[in-house]
Amino acid sequence: MEVAGTVALVLLLLVPSLSKLLNSVAYRVRARGKAEIIRAERGGEPARRAPSGEEKQAKRGKGRMR
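Remember, it's a predicted structure, so these values are computed and weren't measured experimentally.

Colleague: Explain the overall build of the protein here, please?
Modeller: In terms of regular secondary structure, the protein is built from two helices and zero strands. Put simply, the protein has 66 residues, and 2% of those count as buried. Surface summary for the protein: the accessible area is close to 6,800 Å², and the carbon and sulfur share equals 61%.

Colleague: Even after reading the chapter, I still don't get helix α1 (residues 2-42), so can you show me in this structure?
Modeller: The α-helix winds at 3.6 residues per turn, so residues separated by three or four positions along the chain end up facing the same way. In this model α1 runs 60 Å from its N-terminal to its C-terminal C-alpha over 41 residues, within 8% of the 60 Å that 1.5 Å per residue would give. Considering bend angle alone, the principal kink of α1 is centred on L14 and spans about 35°; proline P16 follows within four residues of it. Phi turns positive one or two residues past the end of α1, at G43, with a value near 80°.

Colleague: Would you mind showing me how to read a nonpolar patch on the surface here?
Modeller: On the surface, V10, L14, L18, L21, V25 and V29 cluster together to form a nonpolar patch covering roughly 520 Å² of accessible area. Here L21 is to be found in helix α1.

Calculation rules
Residues numbered from 1 in each chain as written. Predicted model: local features only at pLDDT ≥ 70, side-chain atom pairs only at ≥ 80, totals over all residues. Heavy atoms only, no water. Helix = DSSP H or I, 4+ residues; strand = E, 2+ residues; numbered from the N terminus. Buried < 20%, exposed > 50% of the residue type's maximum accessible area, 1.4 Å probe, protein only. Areas by Shrake-Rupley, 256 points an atom, 1.4 Å probe, with all protein chains shown as cover. Expected span 1.5 Å × (residues − 1). Bend = angle between axes of the 7 residues up to and from the residue. Patch = residues over 30% accessible without salt bridge, like charges linked within 9 Å, V, L, I, M, F, W, Y side chains within 5 Å. Salt bridge = Lys/Arg side-chain N within 4 Å of Asp/Glu carboxyl O.

Shape descriptors only; they carry no functional weight alone.
Written as structure tokens, this is what we have:
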């Protein structure tokens, strides 16, 4: 019975943090969706991510095996 009580207590302590985490993720997803809609209405292209270090090396021709 002590184990069940301990597990219940831990779950009760974690519920508020998990709720905040889920709300944060949901907010970010909604914001990303709104930004995508605005970009589509304006006819702009989606933002491109910065190339990684490997992509930069490949572009410059370094790191290739000969």
